[in-house]
Amino acid sequence: MSLIALRSLLVKQRQCSLALLRCSGLVSELGLVRQYAAKQSSSSKSLSAGADRTDVSTDVRPLGERVKENTKTASYMGVIMLGVGVTGLLFYVIFWELFSSDSPNNIYSEALERVKEEPRVKDALGSPIKGFGEESRRGRRTHVAHTKYVKDGVEYIRMQFYIQGIRNKGTVHLEKRKTDSGSFEYRYLFVQLDYNRQNPIILEDNRQQQDSTSTSSALQSFL
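Calculation criteria
Residues numbered from 1 in each chain as written. Predicted model: local features only at pLDDT ≥ 70, side-chain atom pairs only at ≥ 80, totals over all residues. Heavy atoms only, no water. Phe/Tyr/Trp six-rings, centres within 6.5 Å; stacked < 30°, edge-to-face > 60°. Helix = DSSP H or I, 4+ residues; strand = E, 2+ residues; numbered from the N terminus. Buried < 20%, exposed > 50% of the residue type's maximum accessible area, 1.4 Å probe, protein only. Lys NZ or Arg CZ within 6 Å of the ring centre and 35° of its normal. Contact = heavy atoms within 4.5 Å. Expected span 1.5 Å × (residues − 1).

J.: Would you mind going over the packing of aromatic side chains in detail, with residue names and values included?
T.: Tallied over the full model, the rule gives four aromatic pairs. Aromatic pair Tyr 108 and Phe 161: ring centres 4.7 Å apart, planes at 90 degrees, arrangement edge-to-face. Remark: Phe 161 occurs in strand S5 (residues 154–164) and Tyr 108 occurs in helix H3 (residues 104–116); sequence separation between them is 53 residues. Between Phe 132 and Tyr 162, the aromatic rings sit 6.0 Å apart at their centres with planes inclined by 25 degrees, giving stacked as the arrangement. Taken together, the positions of Phe 132 in strand S1 (residues 130–132) and Tyr 162 in strand S5 put the pair 30 residues apart, joining distant regions of the chain. Accessibility expressed as a relative area gives 22% for Tyr 162, which makes it partly exposed. The aromatic ring of Tyr 186 is capped on one face by Lys 176, whose charged end is 4.4 Å from the ring centroid.

J.: Break down the environment of His 146 for me, with residues and values.
T.: Mapping His 146 onto the fold places it in strand S4 (residues 145–151). You can call His 146 partly exposed: its relative accessible area is 35%. Remark: the alpha-carbon pair of His 146 and Phe 161, spanning 15 residues in sequence, is separated by 8.8 Å. Beyond its immediate stretch of four places on either side in the chain, His 146 contacts Pro 104, Ile 157, Arg 158 and Met 159.

J.: Explain H3 to me, using residue names and the numbers behind them.
T.: The end-to-end C-alpha separation of H3 is 18 Å, in line with the 18 Å expected for 13 residues at 1.5 Å each. Among all positions of H3, only Pro 104, Asn 106, Ile 107, Tyr 108, Ala 111, Leu 112 and Val 115 are buried.

Pasting the structure below:
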(Lines give C-alpha, C1' and ligand atoms only; values in the text may rest on other atoms or scores of the structure.)
Protein backbone atom coordinates (compact mmCIF):
# COMPACT_ATOMS: atom_id res chain seq x y z
CA MET A 1 0.00 0.00 0.00
CA SER A 2 1.32 3.40 -0.91
CA LEU A 3 1.92 6.16 1.58
CA ILE A 4 -0.76 8.35 0.00
CA ALA A 5 -3.47 5.73 0.48
CA LEU A 6 -2.35 5.13 4.06
CA ARG A 7 -2.49 8.84 4.85
CA SER A 8 -6.00 9.18 3.44
CA LEU A 9 -7.12 6.20 5.51
CA LEU A 10 -5.71 7.76 8.70
CA VAL A 11 -7.48 11.04 7.95
CA LYS A 12 -10.81 9.25 7.51
CA GLN A 13 -10.35 7.37 10.80
CA ARG A 14 -9.56 10.61 12.58
CA GLN A 15 -12.69 12.25 11.19
CA CYS A 16 -14.80 9.31 12.27
CA SER A 17 -13.34 9.48 15.78
CA LEU A 18 -14.11 13.20 16.02
CA ALA A 19 -17.71 12.57 14.84
CA LEU A 20 -18.10 9.85 17.45
CA LEU A 21 -16.76 12.14 20.16
CA ARG A 22 -19.17 14.90 19.12
CA CYS A 23 -22.13 12.48 19.16
CA SER A 24 -21.21 11.19 22.61
CA GLY A 25 -20.92 14.81 23.89
CA LEU A 26 -24.39 15.64 22.53
CA VAL A 27 -25.81 12.53 24.14
CA SER A 28 -24.28 13.44 27.50
CA GLU A 29 -25.57 17.02 27.20
CA LEU A 30 -29.04 15.73 26.43
CA GLY A 31 -28.87 13.54 29.52
CA LEU A 32 -27.90 16.47 31.69
CA VAL A 33 -30.73 18.55 30.25
CA ARG A 34 -33.21 15.76 30.97
CA GLN A 35 -31.91 15.37 34.54
CA TYR A 36 -32.18 19.14 35.14
CA ALA A 37 -35.73 19.19 33.75
CA ALA A 38 -36.70 16.28 35.99
CA LYS A 39 -35.27 18.04 39.03
CA GLN A 40 -37.13 21.25 38.18
CA SER A 41 -40.39 19.31 37.74
CA SER A 42 -39.99 17.51 41.08
CA SER A 43 -39.16 20.75 42.90
CA SER A 44 -42.21 22.53 41.40
CA LYS A 45 -44.38 19.60 42.44
CA SER A 46 -43.06 19.78 46.00
CA LEU A 47 -43.69 23.53 46.10
CA SER A 48 -47.25 23.11 44.85
CA ALA A 49 -47.82 20.36 47.39
CA GLY A 50 -46.52 22.66 50.14
CA ALA A 51 -48.82 25.42 48.95
CA ASP A 52 -51.73 23.02 49.00
CA ARG A 53 -50.85 22.00 52.53
CA THR A 54 -50.95 25.63 53.69
CA ASP A 55 -54.63 25.78 52.72
CA VAL A 56 -55.44 23.07 55.21
CA SER A 57 -56.49 24.26 58.70
CA THR A 58 -53.76 23.93 61.29
CA ASP A 59 -56.22 24.15 64.19
CA VAL A 60 -55.84 20.74 65.82
CA ARG A 61 -57.52 21.64 69.12
CA PRO A 62 -60.28 19.36 70.42
CA LEU A 63 -63.84 20.12 69.32
CA GLY A 64 -65.01 20.79 72.88
CA GLU A 65 -62.34 23.44 73.40
CA ARG A 66 -63.28 25.23 70.18
CA VAL A 67 -66.98 25.16 71.08
CA LYS A 68 -66.16 26.55 74.53
CA GLU A 69 -64.13 29.40 73.02
CA ASN A 70 -66.89 30.26 70.54
CA THR A 71 -69.44 30.27 73.37
CA LYS A 72 -67.24 32.60 75.41
CA THR A 73 -66.90 34.98 72.45
CA ALA A 74 -70.67 35.02 71.94
CA SER A 75 -71.15 35.75 75.65
CA TYR A 76 -68.76 38.71 75.44
CA MET A 77 -70.64 40.06 72.44
CA GLY A 78 -73.95 39.71 74.30
CA VAL A 79 -72.57 41.65 77.28
CA ILE A 80 -71.28 44.40 74.97
CA MET A 81 -74.64 44.69 73.18
CA LEU A 82 -76.46 44.82 76.51
CA GLY A 83 -74.16 47.59 77.71
CA VAL A 84 -74.77 49.59 74.54
CA GLY A 85 -78.55 49.21 74.97
CA VAL A 86 -78.49 50.30 78.62
CA THR A 87 -76.30 53.30 77.77
CA GLY A 88 -78.66 54.36 74.99
CA LEU A 89 -81.67 54.07 77.32
CA LEU A 90 -79.86 56.13 79.97
CA PHE A 91 -79.03 58.88 77.46
CA TYR A 92 -82.66 58.91 76.31
CA VAL A 93 -83.96 59.32 79.86
CA ILE A 94 -81.46 62.11 80.60
CA PHE A 95 -82.33 63.90 77.36
CA TRP A 96 -86.06 63.64 78.09
CA GLU A 97 -85.59 64.93 81.64
CA LEU A 98 -83.51 67.91 80.54
CA PHE A 99 -85.19 69.03 77.32
CA SER A 100 -88.79 67.81 77.36
CA SER A 101 -91.27 70.43 78.52
CA ASP A 102 -93.48 67.66 79.95
CA SER A 103 -90.80 66.11 82.16
CA PRO A 104 -91.32 66.36 85.97
CA ASN A 105 -88.09 68.34 86.32
CA ASN A 106 -89.19 71.03 83.86
CA ILE A 107 -92.72 71.17 85.31
CA TYR A 108 -91.18 71.72 88.74
CA SER A 109 -88.82 74.45 87.45
CA GLU A 110 -91.62 76.29 85.64
CA ALA A 111 -93.98 76.13 88.64
CA LEU A 112 -91.24 77.29 91.04
CA GLU A 113 -90.43 80.33 88.92
CA ARG A 114 -94.10 81.25 88.73
CA VAL A 115 -94.55 80.91 92.52
CA LYS A 116 -91.41 82.96 93.22
CA GLU A 117 -92.73 85.80 91.05
CA GLU A 118 -96.16 85.86 92.71
CA PRO A 119 -96.45 89.08 94.87
CA ARG A 120 -98.72 87.40 97.45
CA VAL A 121 -96.18 84.64 98.01
CA LYS A 122 -93.37 87.17 98.35
CA ASP A 123 -95.34 89.11 100.97
CA ALA A 124 -96.21 85.96 102.92
CA LEU A 125 -92.79 84.29 102.91
CA GLY A 126 -90.33 87.08 102.25
CA SER A 127 -87.79 87.27 99.42
CA PRO A 128 -85.65 85.65 98.23
CA ILE A 129 -87.56 82.37 97.90
CA LYS A 130 -86.00 78.97 97.20
CA GLY A 131 -87.59 75.63 96.39
CA PHE A 132 -86.67 72.05 97.24
CA GLY A 133 -88.05 68.54 97.22
CA GLU A 134 -88.32 65.78 99.76
CA GLU A 135 -85.51 65.54 102.28
CA SER A 136 -83.40 62.39 102.02
CA ARG A 137 -81.64 60.51 104.80
CA ARG A 138 -78.49 62.54 104.21
CA GLY A 139 -80.38 65.81 104.44
CA ARG A 140 -80.44 66.46 100.69
CA ARG A 141 -83.63 67.97 99.32
CA THR A 142 -83.50 66.93 95.71
CA HIS A 143 -86.39 64.55 95.10
CA VAL A 144 -89.64 66.18 93.96
CA ALA A 145 -92.64 63.99 94.72
CA HIS A 146 -94.89 63.50 91.67
CA THR A 147 -97.46 61.03 90.42
CA LYS A 148 -98.68 60.24 86.92
CA TYR A 149 -102.01 58.60 86.26
CA VAL A 150 -104.61 58.19 83.51
CA LYS A 151 -108.29 58.89 84.01
CA ASP A 152 -110.96 58.50 81.29
CA GLY A 153 -108.17 58.22 78.72
CA VAL A 154 -106.55 61.51 79.80
CA GLU A 155 -103.03 61.68 81.27
CA TYR A 156 -102.47 63.65 84.50
CA ILE A 157 -99.45 64.57 86.59
CA ARG A 158 -99.66 65.65 90.23
CA MET A 159 -96.73 67.21 92.10
CA GLN A 160 -95.78 68.57 95.50
CA PHE A 161 -92.67 70.48 96.61
CA TYR A 162 -91.62 72.99 99.25
CA ILE A 163 -90.61 76.65 99.26
CA GLN A 164 -88.93 78.79 101.87
CA GLY A 165 -88.48 82.55 102.26
CA ILE A 166 -86.61 84.59 104.82
CA ARG A 167 -89.64 84.57 107.17
CA ASN A 168 -91.85 81.54 106.54
CA LYS A 169 -92.25 78.27 104.65
CA GLY A 170 -94.93 76.76 102.45
CA THR A 171 -95.91 73.78 100.32
CA VAL A 172 -96.73 73.99 96.61
CA HIS A 173 -99.44 71.70 95.21
CA LEU A 174 -100.11 71.40 91.49
CA GLU A 175 -101.80 69.16 88.95
CA LYS A 176 -101.70 69.24 85.17
CA ARG A 177 -103.67 67.43 82.52
CA LYS A 178 -102.70 66.58 78.96
CA THR A 179 -104.75 68.35 76.28
CA ASP A 180 -105.73 67.10 72.84
CA SER A 181 -102.79 69.03 71.35
CA GLY A 182 -100.34 67.03 73.47
CA SER A 183 -99.33 69.83 75.88
CA PHE A 184 -100.06 70.00 79.61
CA GLU A 185 -102.21 72.66 81.24
CA TYR A 186 -102.85 73.44 84.91
CA ARG A 187 -105.81 72.04 86.73
CA TYR A 188 -104.67 73.80 89.87
CA LEU A 189 -101.63 75.48 91.41
CA PHE A 190 -101.64 76.83 94.94
CA VAL A 191 -99.32 77.49 97.90
CA GLN A 192 -100.25 76.24 101.35
CA LEU A 193 -98.56 78.35 104.04
CA ASP A 194 -97.18 76.59 107.12
CA TYR A 195 -98.53 79.24 109.50
CA ASN A 196 -101.94 79.54 107.80
CA ARG A 197 -102.84 76.24 106.09
CA GLN A 198 -106.58 77.04 105.93
CA ASN A 199 -106.09 79.98 103.54
CA PRO A 200 -103.89 78.87 100.62
CA ILE A 201 -102.65 81.27 97.93
CA ILE A 202 -104.34 80.06 94.72
CA LEU A 203 -102.53 80.81 91.46
CA GLU A 204 -104.53 78.48 89.15
CA ASP A 205 -107.81 76.61 89.58
CA ASN A 206 -109.34 75.30 86.35
CA ARG A 207 -110.93 72.15 87.73
CA GLN A 208 -114.55 73.24 87.39
CA GLN A 209 -114.08 74.47 83.84
CA GLN A 210 -112.14 71.39 82.72
CA ASP A 211 -114.52 68.98 84.42
CA SER A 212 -117.54 70.66 82.83
CA THR A 213 -115.85 70.55 79.44
CA SER A 214 -115.05 66.87 79.90
CA THR A 215 -118.65 66.18 80.94
CA SER A 216 -119.98 68.01 77.89
CA SER A 217 -117.66 66.08 75.60
CA ALA A 218 -118.74 62.81 77.18
CA LEU A 219 -122.41 63.68 76.75
CA GLN A 220 -121.89 64.64 73.11
CA SER A 221 -120.06 61.36 72.40
CA PHE A 222 -122.83 59.45 74.16
CA LEU A 223 -125.57 61.22 72.16
